[in-house]
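Working through the structure, step by step
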Amino acid sequence: MPRARQPAAALCAAFAASLVCATALCEAQARERSVGKPMPVPTITIYPGETIKEGVIETRAFSAHAIGHLPVIEDTRVLTGKVARRTLLPGQLIPRNAVEEPRLVERGAPVQVVFSEDGLTIMGAASALEAGSLGDRVRARNLDSGITIIGKVQADGSLRVGE
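Keep in mind that what you see is a predicted model, and the values were worked out from it rather than measured. (Residues numbered from 1 in each chain as written. Predicted model: local features only at pLDDT ≥ 70, side-chain atom pairs only at ≥ 80, totals over all residues. Heavy atoms only, no water.)

Of regular secondary structure, the protein chain possesses three helices and eleven strands. When the helices and strands of the protein chain are read in sequence order from the N terminus, they spell out α-β-β-α-α-β-β-β-β-β-β-β-β-β. When burial is assessed residue by residue, the protein chain has 25% of its 163 residues classed as buried. Of the contacts formed within the protein chain by residues at least 6 apart in sequence, a portion of 44% connects residues at least 24 apart. Taken as a whole, the protein chain presents about 11000 Å² of accessible surface, with 56% of it coming from carbon and sulfur. (Helix = DSSP H or I, 4+ residues; strand = E, 2+ residues; numbered from the N terminus. Buried < 20%, exposed > 50% of the residue type's maximum accessible area, 1.4 Å probe, protein only. Contact = heavy atoms within 4.5 Å. Areas by Shrake-Rupley, 256 points an atom, 1.4 Å probe, with all protein chains shown as cover.)

With that out of the way, let us pick up the nonpolar core. Formed by I46, I52, V56, I57, I73, L79, A84, L88, I94, A98 and V99, the largest nonpolar core amounts to eleven residues. Ignoring sequence-local partners within four residues, the contact set of I57 consists of P40, V41, P42, T43, I46, I52, T76, L79 and I94. Counting ten residues, the second largest nonpolar core, distinct from the first, contains V113, V138, L159 and V161. (Core = buried A, V, L, I, M, F, W, Y, C linked by side-chain atoms within 4.5 Å.)

Pairing of strand β9 (residues 137-142) with strand β10 (residues 148-153), which is carried by five bridges, proceeds in the antiparallel orientation. The partner of R139 across the bridge, within β10, is I150. In sequence, β9 turns back onto β10 through a hairpin of five residues, with G146 there showing a positive phi of about 80°. Relative to strand β11 (residues 159-161), β10 is paired through two bridges, and the arrangement is antiparallel. If you follow V153 over to β11, its bridge partner there is L159. Hairpin remark: β10 followed by β11, antiparallel, with five residues in the connecting loop; positive phi at G157, about 90°. (Pairing = 2+ DSSP bridges.)

The pairing of strands in a sheet comes from backbone hydrogen bonds and takes either a parallel or an antiparallel form. As summarised here, the arrangement of the five strands in space is β6-β7-β9-β10-β11, forming a closed barrel in which the pairing is mixed. With strand direction ignored, the average angle separating the axes of adjacent strands in the sheet is 50°. Sheet topology note: the strand β7 (residues 120-128)/β9 ladder contains three bridges and is antiparallel. Paired with A128 across the bridge in β9 is A140. (Axes fitted to C-alpha atoms, helices over the stretch in contact; angles between N-to-C directions.)

Shown next as structure tokens:
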């Protein structure tokens, strides 16, 4: 009779140990969910074309499970000064493709074209055929000759050609 009790006692002990481990694992996962990872979210609705200002973004904790492998923006500083490409809702994560750099050149707008080499600078006027942000290569039509040229958008909104 004592031998029959030993396997039952060992089985109860193993069950109790696994129950303790499972409880500890659940508590660790609950702590992880409650702490979460701080992510930037809008405080107000931001519409397409609006520039994101510093005061309209706050951080909110999200669990790793909620974030998963989503391509979202993780740093608040990256958002300031960007332009929304689509509506951003309050309290929602911001996808990377939902914001862009502000456009310095708009399609159809007049743009100054600058060629500079060895101290020689030539300036002209063109009409932008594409919109572009700082550093983008944009096509434009020279207003004098009608020739299509490609230039790099500069910080002042002009196109630098001949590079």
